[in-house]
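Fold and geometry: a report
Spelled out, the chains give:
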Amino acid sequence: MSTALPEIPQERRLVTAVPGPKSAELMARRKAAVSAGVGASFPVFVERGSGGILLDVDGNSIIDLGAGIAVTSVGVSAPLVVEGVQSQVEKLTHTCFMIVGYDSYVQVCEKLNELTPGTHEKRSALFNSGAEAVENAIKIARAYTGRSEIVAVEHGYHGRTNLTMGLTAKNMPFKQSFGPFTPGIHRVPVAYPLRDTRSGEEVAAAAIRRMESEIGGSNIAAIIIEPILGEGGFIVPAPGYLPAMQKFANDNGIVFIADEIQTGFARTGAWFASEHEGIVPDLVTTAKGIAGGLPLAAVTGRADIMDSVHVGGLGGTYGGNPVACAAALGSIQTMEELDLVNRANEIGEILTTRLAALAAELDVIAEVRGRGAMIAVELVKPGTLEPAGDLAKRVAAACIAEGVLVLTAGTYGNVLRFLPPLVIEFDLLNEGLDVVGEVLAKEAANL
Ligand code: PLZ
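For every chain, the first residue of its written sequence is number 1, and the numbers climb from 1 along that sequence. The predicted nature of this model means local features are confined to residues of pLDDT at least 70 and side-chain atom pairs, given and counted, to a pLDDT of 80 or more, with totals for whole chains, interfaces and linings taken over all residues. The side-chain quantities take in all heavy atoms of the structure and omit both hydrogens and water.

**Focus: helix H4 (residues 103–115)**
What counts is decided by this rule: Helix and strand labels come from DSSP, where a helix needs a run of H or I of at least four residues and a strand needs a run of E of at least two; each type is numbered from the N terminus. Given the number of residues in a helix, its expected span is that number minus one, multiplied by 1.5 Å. Here the term buried applies to any residue with accessible area under 20% of the maximum for its type, exposed to any over 50%, and partly exposed to those in between, with areas from a 1.4 Å probe on protein chains only. The arc in question is the one spanned by the directions pointing from the helix axis to the C-beta atoms.
Helix length check: H4 (13 residues) gives 18 Å between terminal C-alpha atoms against 18 Å at 1.5 Å per residue, within 8%. Turning to H4, its buried residues are Ser104, Tyr105, Val108, Cys109, Lys111, Leu112 and Leu115. Along the long axis of H4, the arc covered by the buried residues comes to 160 degrees, so they all point the same way. Seen from the open side of H4, the exposed residues pointing more than 90 degrees away from its buried face are Asp103 and Glu114.

Here it is, written out as structure tokens:
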């Protein structure tokens, strides 16, 4: 089935200022119709996309270095995702899987059980959003252990629902004025190499001392950690931290949950980021890259844990919707056929080489870090570790005006993060990085 739309050339091309007049008009309508509580990183509206390009409503071709926050790893409207969705939507839009089944739900679970770390027997359950997957992972861990307490880490991000806000570390904009949060959540240190010179093992030991003294290992149902902390600023915990935390969990009958919602599905140059440190989590949460832009999320894990919940305890009207499942199967097939795991590593090479060269010239870059196609630079006031959050914001705003979309992140808002679609052409990626380099040099000079 063909959409008959002309192909979008893979080139940066500006035909108006960005934002152009049509985007400006839509921004005005948005202001009158949409809650002010829903933010907008950029005042731009987009009509189409493909590969590494987003085409805005004014006809500008913008290089996409964000992939909708690590979602469209196979590109926006990837052919196999479009085909899968189109044929599915004609046949069956919904049954509610808890009422009567359809095979694509089972296929997605089979694929998740196969691809997530570890060869043990696994089960999966499907949901709509990352936050919902995290909520369910916590429900499952509590049911399995019969315990209540949950441990999350500093700089962690897990969502915007009440439980997941509680797990999320950063106050603004995620938690401010939305409390109180659910009880039973504790936060322990994470190894943040740039800002903490201790080894991964030392930070884990401090976290473990805290858990033992303040909570008691036997009261903890789950420890939840992102193997690379996404919204927190692409913090790669110092080596040894994750294995030590997992060992403590295993030794104490605690369910170890890896939140791979941002890091999963080929993004970091492995199917899952846990693999980089040989971690085999008890449960893994996934979303974002799983379905090429359709809303789908999952919890996958040890069969005995996943099956410990009473029948009917997990579900929801739309979880694992057939159209979203068809998109996931198209997205996963694309990743396999195009070997996007390997491509993420190639993209990572380009990103780290180019950004390291920039860091050698610009003393506002304190660190280049990340894995695969999940790379960031942390910006500081020169000669200090004082975060330069305004600079990151100004760079992102100036980049979009030049036709390059770059996202910010970080507890202090001072991180530029690069999450290009994994299908982006290397020339286009390099052109995007040329622009970022020029803009950063110019803005840093005005610090
Ligand atoms: N866990 C690790 O990265 C979503 C949030 C954007 P949802 N991250 C992007 C924003 O400002 O809301 C995320 C994540 C990790 C959970 C989530 C939550 O996933 O699909 O946004 O609910």
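Once you've had a look at it, read on.
**Some thoughts on the site of the ligand**
Counted only if it meets this: Nearness is judged by heavy atoms alone; a residue qualifies as near a molecule or strand once a single heavy atom is within 4 Å of it. For this analysis, a polar contact is any N or O atom pair within 3.5 Å, provided that within protein one partner can donate a hydrogen and the other can accept it, and provided that sequence-adjacent residues contribute only side-chain to side-chain pairs. Using a 1.4 Å probe, the Shrake-Rupley method yields the accessible areas, and only the shown protein chains count as cover for residues. Side-chain classes follow a simple rule in which Ala, Val, Leu, Ile, Met, Phe, Trp, Tyr, Cys and Pro form the nonpolar group, Asp, Glu, Lys and Arg form the charged group, and the remainder, Gly included, forms the polar group.
Surrounding the ligand, one finds 15 residues, the nearest of these being Gly130, Ala131, Arg160, Asp259 and Gln262. Arg160 is positioned such that a nitrogen or oxygen atom in its side chain is 2.7 Å from an oxygen atom of the ligand. Between a nitrogen atom of the ligand and a side-chain N or O atom of Asp259, the distance comes to 2.7 Å. Its free accessible area being 510 Å², the ligand has 81% of it covered by the protein chains. Across the shell around the ligand, the residue classes tally to five nonpolar, five polar and five charged.

**Side note on the sheet that holds strand S2 (residues 53–56)**
Spelled out, the test is: In this scheme, strands are said to pair when DSSP sees at least two bridges between them.
Here we have four strands laid out as an open sheet, ordered S1-S2-S3-S13, and mixed in their pairing. The open sheet terminates on both sides in strands that have one partner only, identified here as strand S1 (46–50) and strand S13 (404–405). With four bridges connecting them, S1 and S2 associate as antiparallel partners. Residue pairing across strands places Gly49 opposite Leu54, the latter belonging to S2.

**Topic: the packing of helix H7 (residues 200–214) against helix H8 (residues 241–251)**
When two helices pack together, their arrangement is given by the angle between the helix axes and by the axis-to-axis distance. Just so we agree on the cut-off: Here an angle of 0 to 180 degrees is reported between the N-to-C directions of two axes, which are lines fitted to C-alpha atoms, with helices fitted over the stretch in contact. If an angle is under 35 degrees, it is roughly parallel; if it is over 145, roughly antiparallel; if it lies from 65 to 115, roughly perpendicular; otherwise it is oblique. Note on convention: near helix rotated counterclockwise from far helix by under a right angle means a left-handed crossing. Clockwise means right-handed. Throughout, a residue-residue contact means that at least one pair of heavy atoms, one from each residue, lies within 4.5 Å.
Put simply, H7 and H8 touch, their axes get as near as 8 Å, and they point 30 degrees apart. The orientation of H7 with respect to H8, classified from their angle, is roughly parallel. Along this stretch, H7 crosses H8, giving a crossing that reads as right-handed. Taking contact as the criterion, the partners of Gly200, Glu201, Val203, Ala204, Ala207, Ile208, Met211 and Glu212 in H7 are, on H8, Tyr241, Ala244, Met245 and Phe248. Grouping the constituent residues of the contact of H7 with H8 by class yields nine nonpolar, one polar and two charged.

**Some points on the packing of H4 against helix H10 (residues 322–337)**
Across the interface, H4 lies against H10 with an axial gap of 9 Å and an inter-helix angle of 40 degrees. Judged on the interaxial angle alone, H10 and H4 are oblique. By crossing handedness, the relation of H4 to H10 is classed as left-handed. Across from Ser104, Tyr105, Gln107, Val108, Lys111, Glu114 and Leu115 in H4, the residues of H10 making contact are Pro322, Cys325, Ala328, Leu329, Ile332 and Glu336. Split by residue class, the contact of H4 with H10 holds eight nonpolar, two polar and three charged.

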